[in-house]
Amino acid sequence: MAEMFCFQCEQTAGGTGCTKVGVCSKKPEVAHKHDQLVSALIGLARAAGGKSPGKKTDEIVMQSLFATLTNVDFDPVRIDEFREQVEKEKQKLGGAEDFDPVKLFHGDTDIVSLRSILIFGLKGMAAYAWHARVLGKDNQEVSNWFYKGLKAVGEEHGVEEWVSLIMEFGQVNLKCMALLDEANTSTFGHPVPTTVSLKVAKGPFIVVTGHDLLDLKQLLEQTKGKGINIYTHGEMLPAHAYPELKKYSHLKGNYGTAWQNQQKEFSNLPAPVLFTTNCIMMPRDSYINNIFTTSVVGYPGVKHIPEKNGRKDFSPLIKKALELGGWSEDKQFTGVNGGTEVTTGFARNTVMGVADKVISAVKSGAIKHIFLVGGCDGAKPGRSYYTDFVKQTPPDTLILTLACGKYRFNDLNIGQIGGLPRLLDMGQCNDAYSAIQVAVALAGVFECGVNELPLTLVLSWYEQKAVCILLTLLSLGIRNIYLGPTLPAFISPNVLKVLVEKFNIKPVSTPEADMKAALKK
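Residues numbered from 1 in each chain as written. Predicted model: local features only at pLDDT ≥ 70, side-chain atom pairs only at ≥ 80, totals over all residues. Heavy atoms only, no water.

1. Focus: the sheet that holds strand 7 (residues 291-294)
Sheet strands line up and pair through hydrogen bonds in the backbone, either parallel or antiparallel. Short version of the rule: Only strands that DSSP links by at least two bridges are regarded as paired with each other. For helices the rule is a DSSP run of H or I covering at least 4 residues; for strands it is a run of E covering at least 2, with both sets numbered from the N terminus onward. Note on geometry: axes are C-alpha line fits, over the in-contact stretch for helices, and angles between N-to-C directions span 0 to 180 degrees.
Spatially, six strands are ordered 5-4-3-6-7-8 in an open sheet, and the strand pairing comes out parallel. Two strands lie at the open edges of the sheet, namely strand 5 (251-254) and strand 8 (303-305), each paired on one side alone. Each strand of the sheet is rotated relative to its neighbour by a mean of 30°, with strand direction disregarded. Looking at chain direction, strand 3 (residues 205-209) and strand 6 (residues 273-275) are connected through three bridges and run parallel. Directly across from Thr209, in strand 6, lies its bridge partner Phe275.

2. Details of the sheet that holds strand 18 (residues 455-460)
Rules: Residue contacts follow a heavy-atom distance rule, with two residues in contact if any of their heavy atoms lie within 4.5 Å.
One open sheet holds the six strands; their spatial order is 17-14-13-18-19-20, and the pairing between them is parallel. Looking at strand neighbours, the two that pair on one side only are strand 17 (423-425) and strand 20 (506-507), the edges of this open sheet. Relative to strand 18, helix 13 (residues 384-392) is tilted by about 155°, and along the sheet it contacts strand 13 (369-375), strand 18 and strand 19 (482-484). Sheet contacts for helix 17 (residues 511-519): strand 13, strand 14 (397-401), strand 18 and strand 19; angle to strand 13, the most-contacted strand, approximately 135°.

3. Here's the deal with helix 5 (residues 140-153)
Test applied: In a helix, the anticipated span is given by 1.5 Å times the number of residues less one. Buried means the residue's accessible area, taken with a 1.4 Å probe over protein chains only, is under 20% of the maximum for its type, while exposed means over 50%, and partly exposed covers the values in between. Residues adjacent in sequence count toward polar contacts only when both atoms are side-chain atoms; beyond that, a polar contact is any pair of N or O atoms within 3.5 Å, and within protein one must be able to donate a hydrogen and the other to accept it.
The end-to-end C-alpha separation of helix 5 is 20 Å, in line with the 20 Å expected for 14 residues at 1.5 Å each. Among the residues of helix 5, Val142, Ser143, Trp145, Phe146, Tyr147, Gly149, Leu150, Ala152 and Val153 are the ones counted as buried. Contacts made by the buried residues of helix 5 are with helix 1 (28-47), helix 2 (55-67), helix 4 (109-134) and helix 6 (159-188). Among the residues of helix 5, the N-terminal cap falls to Asn139, whose side-chain oxygen and the backbone nitrogen of Glu141 are separated by 2.8 Å.

4. Notes on the pattern of salt bridges
Defined as follows: A carboxyl oxygen of Asp or Glu within 4 Å of a side-chain nitrogen of Lys or Arg is what we treat as a salt bridge.
As enumerated under the stated definition, the model contains 25 salt bridges in all. Put simply, Arg133 and Asp138 hold a salt bridge, and the shortest N to O gap is 3.8 Å. The exposure class assigned to Arg133 is buried, which follows from its relative accessible area of 9%. The shortest N-O distance in the salt bridge between Arg348 and Asp181 comes to 2.5 Å.

5. Some details on the packing of helix 2 against helix 4
Note the threshold: To sort the angles, those under 35 degrees are grouped as roughly parallel, those over 145 as roughly antiparallel, those from 65 to 115 as roughly perpendicular, and the leftovers as oblique. Two helices that cross are described as forming a left-handed crossing if the nearer one is turned anticlockwise from the farther one by less than a right angle, and a right-handed crossing if clockwise. Residue polarity follows a fixed list, in which Ala, Val, Leu, Ile, Met, Phe, Trp, Tyr, Cys and Pro are nonpolar, Asp, Glu, Lys and Arg are charged, and the others, Gly among them, are polar.
Running from N to C, helix 2 and helix 4 point in directions that differ by 125°, and their axes come no closer than 8 Å. Taken together, the axes of helix 2 and helix 4 are oblique relative to one another. In the crossing of helix 2 with helix 4, the sense of the turn from one axis to the other is left-handed. Residues Lys55, Asp58, Glu59, Met62, Gln63, Leu65 and Phe66 of helix 2 touch helix 4, and the partners they reach there are Leu122, Lys123, Ala126, Ala127, Ala129, Trp130, His131 and Arg133. Classifying every residue of the contact of helix 2 with helix 4 gives eight nonpolar, two polar and five charged.

6. Some remarks on the side chain of Glu463
Secondary-structure assignment places Glu463 in the loop between strand 18 and helix 15 (464-475). The class of Glu463 is buried, set by a relative accessible area of 4%. Of the polar contacts made by the side chain of Glu463, one reaches the backbone nitrogen of Lys465; its length is 2.7 Å. Discounting chain neighbours no more than four positions away, the residues touching Glu463 are Leu69, Thr70, Asn278 and Cys376.

7. Describing the pairing of strand 14
In terms of burial, strand 14 is a largely internal element, five of the five residues being buried. Neither face of strand 14 is open: one carries Thr397, Ile399 and Thr401, the other Leu398 and Leu400, and all of them are buried. When strand 13 meets strand 14, the two strands line up parallel, connected through four bridges. From the neighbouring strand, Ile370 faces strand 14, where its bridge partner is Leu398. Pairing between strand 14 and strand 17: three bridges, direction parallel. Of the residues in strand 17, the one forming a bridge with Leu400 is Leu424.

8. Considerations on the side chain of His369
When you line up the elements, His369 lands in strand 13. Side chain to side chain, His369 and Thr456 meet in a polar contact 2.7 Å long. The residues contacting His369, other than those within four sequence positions of it, are Asp396, Thr397, Leu398, Pro454, Leu455, Thr456, Ala518, Leu519 and Lys521.

9. Description of the packing of aromatic side chains
To keep things clear, this is the line we draw: Note on aromatic pairs: the rings of Phe, Tyr and Trp (six-membered ring only in Trp) are paired at centre separations within 6.5 Å, and the planes decide the class, stacked below 30 degrees, edge-to-face beyond 60, tilted for the rest. Criterion for a charge above a ring: Lys NZ or Arg CZ within 6 Å of the ring centre, and within 35 degrees of the ring normal.
Counted according to the given criterion, the structure contains 21 aromatic pairs. A ring pair is formed by Phe105 and Phe120, whose centres lie 5.8 Å apart and whose planes are at 25°; its orientation type is stacked. Residue Phe105 is found in the loop between helix 3 (76-92) and helix 4, and its partner Phe120 is found in helix 4; the two are separated by 15 residues along the sequence. Of the two residues examined, Phe105 and Phe120, each falls in the buried class. Ring centres of Phe266 and Tyr287 lie 5.9 Å apart, and the angle between their planes is 85°; this geometry places the pair in the edge-to-face category. One end of the pair, Phe266, is in the loop between helix 9 (262-265) and strand 6; the other, Tyr287, is in the loop between strand 6 and strand 7, with 21 residues separating them in the sequence. The class for Phe266 is buried, based on a relative accessible area of 0%. Ring pairing ties together the aromatic residues Phe5, Phe7, Phe105, Phe120, Trp461 and Phe490, which thus form one cluster. The ring of Phe292 carries the charged tip of Lys303 above its face, separated from the ring centre by 5.0 Å.

Structure follows, in C-alpha cells:
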C-alpha cells in the first residue's frame, strides 16, 4: 500500500501530516479508503445536482462522512460497505464522476487549505446531523448543504469564493447545532445542574463512551433490574444532567476522564465498554475482548452492535458485564487534579434561568470577566495550558466549559461567584450552541456586540467537530479567539493571514501572557 497523507487532526505527525501510519493508528489502507469514500461522496453530490435527493440518501451521506472522522472507523470492510451504498445511490441518480482522491489534499497549498477546511467542517457537521436524525429531527437546509458543500469541494474557486462558502457553511452548522439541541432537549428534557460521582460501586457494570444519548437510553432500558450499573466516560458525562436519563437509578456515575486516556483506564477493566461514536483508540490486548462498537464506529476484531428497525440489542454487552462481574468492592477514582466528583448540566436553559444573577453580577463588578475554556482534549504535550489557565483565573471571573477538554480541570474546586459555581459545564462539544446563545443574550442585554462583552474564548481543538464549531463562531463575526495547543496543519500561512486579519485568531502562548491580555479587554 502506498504512503498515506492525513493532516485532519491536531496531533498529526510533525505538525504537518501523517505519511507512514496515522498517529491515531490509522493504517494507510484505511486512510486511502477514507479518501476514496469522500471522493465518491463528491460524485454523489454531483449526481444529485448539489441538493438532497431524499432522506435515505441523506442518511448514507451523513453516516459516510461521519465514518471518516478521526478515531471513528478503522475497519476497512465497514468503510467499503459505506462506499458501496454511496455508489448505489449515485447510480440511481444517473451517475457522475467521482473526485480524484489524490487531489483532495495535494496541489496548490492555499487551495488545498481552503478545500480541507470545508471538507473537515462537513465531516464535523455530519456527526451532529446524524445524532439529530436518530432522534427524529432533520433540517432540509442542513441536508441540502451537504450536497452543496461536497459539490463545491470538487470545483475550482478563488480564495474569496472559498472564504464565502466556508462562512456560509458556518451559519448552516449553527442551524445544525440548534437542531441537535432541539432533538436532545425535546427527547430527554433540558439539562439541570448535577453533581456526578467518580466512584464505581462493586458488582457488574458497563462503561459507555462517545456522544449518542439514544444509545445510552436504550442500554439503560435493557439493563433495568439486572443488577448492572452504568457509568459514563468522556463526552457522555453530560448525560447525567438530562431528566429522562437521570431517572434511571442505575446510571451511577462517571468512570475515567477524556478519550486519550482510555488505553490506561480500560486496561484490565472488569467491565465491557460501549463506543457509541468517536473517539476509539487502538484497543490493547488486555481489554479488546471487552470492547463493543455501534453506529458508525468500527475497529477490526471488535464486536459490533447493529441496529434493526430502530432498536439495538445490547444483550451481548449485558452478558459480558455479568460474566466479568465488576470489582468485588467499591472503587474511588479521581479526576486529573484529584477531585472525587464533577458537576455538569449548566446548559443554556439553566444559565439563562439565572441570567438576572449573572447580569447583576456583571453590572455590579462582582463578575469582571467570563471565559469560555473548552473544546477537544488530546494526548500531545501542551494541553496542561488549559489546566493552568483555569487555575489562574481571578476569583471575580466566571468560566464556561464544554466538550472533553474540560477533564483537564473539571474536578477543581474554584469556588462560587454570585451564587453560582465559578466553573459551569455546559455539556458536549455540540453544546457550543448553548454558549453561543448565552453570549448573544448577554450582548442583547448590554446592548453591544458579542465582541464588546467581557468575554474571552480559549479553545482547544483536536478533530473535525471542533473545526465546524470554529467556523460557526467565525461566521458569527466572533473575534480574538485563542486557539491551541497548536494551529491546524491544514491552514496554510496565507489562509492563516486572512483569518488573523479578519478575525484576529490568536495561537495560545502562555497562560500568564494570555490571561493578562484577555483581562485588558
